[in-house]
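Structure at a glance
Single-letter residue listing:
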Amino acid sequence: IRQLRRHVETQLEAERSGDRGARIRLLTEFHTLLASLGENRALEEFVRHLAVKTSLAVVLYDHVGSACAIEEHSHLIDLIAAGDIAGAVTLMTTHLTTNQSRLPTAAEARPL
(Lines give C-alpha, C1' and ligand atoms only; values in the text may rest on other atoms or scores of the structure.)
Protein backbone atom coordinates (compact mmCIF):
# COMPACT_ATOMS: atom_id res chain seq x y z
CA ILE A 1 0.00 0.00 0.00
CA ARG A 2 2.84 2.39 0.86
CA GLN A 3 4.55 1.65 -2.44
CA LEU A 4 1.34 2.33 -4.38
CA ARG A 5 0.71 5.57 -2.45
CA ARG A 6 4.27 6.75 -3.18
CA HIS A 7 3.68 6.04 -6.83
CA VAL A 8 0.49 8.13 -6.83
CA GLU A 9 2.48 10.97 -5.25
CA THR A 10 4.92 10.86 -8.20
CA GLN A 11 1.92 10.93 -10.56
CA LEU A 12 0.66 14.06 -8.80
CA GLU A 13 4.11 15.67 -9.04
CA ALA A 14 4.20 15.03 -12.79
CA GLU A 15 0.66 16.43 -13.12
CA ARG A 16 1.60 19.58 -11.19
CA SER A 17 4.80 20.09 -13.18
CA GLY A 18 2.97 19.79 -16.50
CA ASP A 19 5.26 16.99 -17.69
CA ARG A 20 2.81 15.14 -19.96
CA GLY A 21 5.29 12.42 -20.93
CA ALA A 22 6.14 11.59 -17.32
CA ARG A 23 2.48 11.74 -16.34
CA ILE A 24 1.48 9.26 -19.05
CA ARG A 25 4.39 6.96 -18.21
CA LEU A 26 3.57 7.01 -14.51
CA LEU A 27 -0.17 6.50 -15.01
CA THR A 28 0.52 3.46 -17.15
CA GLU A 29 3.31 2.23 -14.87
CA PHE A 30 0.84 2.19 -11.96
CA HIS A 31 -1.02 -0.70 -13.58
CA THR A 32 2.23 -2.62 -14.09
CA LEU A 33 3.24 -1.96 -10.48
CA LEU A 34 -0.13 -3.14 -9.24
CA ALA A 35 0.12 -6.35 -11.28
CA SER A 36 3.67 -6.96 -10.02
CA LEU A 37 2.50 -7.00 -6.40
CA GLY A 38 0.53 -10.20 -6.91
CA GLU A 39 1.87 -13.67 -7.40
CA ASN A 40 0.63 -14.11 -10.96
CA ARG A 41 3.65 -13.67 -13.23
CA ALA A 42 1.58 -14.39 -16.36
CA LEU A 43 -0.76 -11.50 -15.49
CA GLU A 44 2.19 -9.26 -14.67
CA GLU A 45 3.80 -10.00 -18.05
CA PHE A 46 0.49 -9.46 -19.86
CA VAL A 47 -0.05 -6.09 -18.16
CA ARG A 48 3.55 -5.05 -18.88
CA HIS A 49 3.12 -5.91 -22.58
CA LEU A 50 -0.24 -4.12 -22.76
CA ALA A 51 1.15 -1.07 -20.94
CA VAL A 52 3.68 -0.42 -23.70
CA LYS A 53 0.94 -0.33 -26.33
CA THR A 54 -1.38 1.66 -24.11
CA SER A 55 1.23 4.35 -23.46
CA LEU A 56 1.78 4.79 -27.18
CA ALA A 57 -1.95 5.09 -27.86
CA VAL A 58 -2.36 7.61 -25.06
CA VAL A 59 0.55 9.73 -26.30
CA LEU A 60 -0.89 9.78 -29.82
CA TYR A 61 -4.61 10.09 -29.20
CA ASP A 62 -5.58 11.01 -25.66
CA HIS A 63 -5.41 14.72 -25.00
CA VAL A 64 -7.75 14.68 -22.00
CA GLY A 65 -6.39 15.60 -18.59
CA SER A 66 -5.44 12.76 -16.27
CA ALA A 67 -6.41 14.17 -12.87
CA CYS A 68 -9.38 11.82 -12.69
CA ALA A 69 -7.11 8.83 -13.38
CA ILE A 70 -4.84 9.84 -10.50
CA GLU A 71 -7.86 10.22 -8.21
CA GLU A 72 -9.08 6.78 -9.30
CA HIS A 73 -5.67 5.26 -8.58
CA SER A 74 -5.73 6.81 -5.10
CA HIS A 75 -9.29 5.61 -4.47
CA LEU A 76 -8.34 2.11 -5.66
CA ILE A 77 -5.51 1.99 -3.11
CA ASP A 78 -7.95 3.06 -0.39
CA LEU A 79 -10.32 0.24 -1.35
CA ILE A 80 -7.52 -2.34 -1.39
CA ALA A 81 -6.23 -1.10 1.98
CA ALA A 82 -9.75 -1.41 3.42
CA GLY A 83 -10.07 -4.95 2.06
CA ASP A 84 -12.98 -3.95 -0.17
CA ILE A 85 -12.22 -6.34 -3.02
CA ALA A 86 -15.65 -5.96 -4.67
CA GLY A 87 -15.29 -2.18 -4.62
CA ALA A 88 -11.76 -2.38 -6.01
CA VAL A 89 -12.87 -4.68 -8.84
CA THR A 90 -15.79 -2.39 -9.68
CA LEU A 91 -13.59 0.70 -9.66
CA MET A 92 -10.87 -0.94 -11.76
CA THR A 93 -13.43 -2.12 -14.31
CA THR A 94 -14.89 1.38 -14.58
CA HIS A 95 -11.41 2.92 -14.68
CA LEU A 96 -10.23 0.71 -17.54
CA THR A 97 -13.48 1.15 -19.48
CA THR A 98 -13.28 4.92 -19.12
CA ASN A 99 -9.66 4.92 -20.30
CA GLN A 100 -10.57 2.78 -23.30
CA SER A 101 -13.53 5.00 -24.25
CA ARG A 102 -11.28 8.08 -24.44
CA LEU A 103 -9.32 6.54 -27.29
CA PRO A 104 -10.67 6.54 -30.85
CA THR A 105 -11.83 3.42 -32.63
CA ALA A 106 -9.59 2.03 -35.38
CA ALA A 107 -11.73 3.80 -38.00
CA GLU A 108 -11.38 7.15 -36.18
CA ALA A 109 -7.70 6.87 -35.29
CA ARG A 110 -5.57 9.64 -36.62
CA PRO A 111 -2.85 11.24 -34.50
CA LEU A 112 -3.63 14.82 -33.47
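Scoring rules and cut-offs
- Residues numbered from 1 in each chain as written.
- Predicted model: local features only at pLDDT ≥ 70, side-chain atom pairs only at ≥ 80, totals over all residues.
- Heavy atoms only, no water.
- Helix = DSSP H or I, 4+ residues; strand = E, 2+ residues; numbered from the N terminus.
- Buried < 20%, exposed > 50% of the residue type's maximum accessible area, 1.4 Å probe, protein only.
- Contact = heavy atoms within 4.5 Å.
- Areas by Shrake-Rupley, 256 points an atom, 1.4 Å probe, with all protein chains shown as cover.
- Polar contact = N/O pair within 3.5 Å; in protein donor to acceptor, adjacent residues only side chain to side chain.
- pLDDT = per-residue confidence, 0-100.
- Core = buried A, V, L, I, M, F, W, Y, C linked by side-chain atoms within 4.5 Å.

As a further point, take the overall build of the protein chain. Check the secondary structure of the protein chain and you find five helices and zero strands. In sequence order, the protein chain lays out its α and β elements as α-α-α-α-α. Within the span of the protein chain, comprising 112 residues, buried residues form 31% of the whole. Long-range pairs, those at least 24 residues apart, make up 66% of the contacts in the protein chain between residues at least 6 apart in sequence. Summing over all exposed atoms, the protein chain offers an accessible surface of approximately 7100 Å²; the carbon and sulfur share of this is 60%.

Mapped onto the fold, His 95 is located in helix H5 (residues 85-101). Within the local environment of His 95, its side chain forms a polar contact with the side chain of His 73, the two groups lying 3.1 Å apart.

This part is about the confidence of the model for the protein chain. Chain-level statistics for the protein chain give a pLDDT mean of 85 and a share of 79% at 70 or above. In the model of the protein chain, helix H3 (residues 41-61) stands out as the element of lowest mean pLDDT, 83, in contrast to helix H1 (residues 2-17), which has the highest, 96.

The next point concerns the nonpolar core. If you look at the biggest cluster of nonpolar residues, it comprises 13 residues, and the most contacted ones within it are Leu 4, Val 8, Phe 30, Leu 76 and Ile 77. Broken down by secondary-structure element, the contributors of at least two residues to this core are H1, helix H2 (20-36), helix H4 (67-81) and H5. Per-element tally for this core: the top contributor is H4, with five residues. The contact partners of Leu 4, leaving out residues within four places of it in the chain, are Phe 30, Leu 33, Leu 34, Leu 37 and Ile 77.

Moving on, we get to the side chain of His 73. Tracing the backbone shows His 73 in helix H4. Under the relative-accessibility criterion, His 73 is labelled buried at 2%. What His 73 contacts, discounting residues up to four positions off in sequence, is Val 8, Gln 11, Leu 27, Phe 30, His 31 and His 95.

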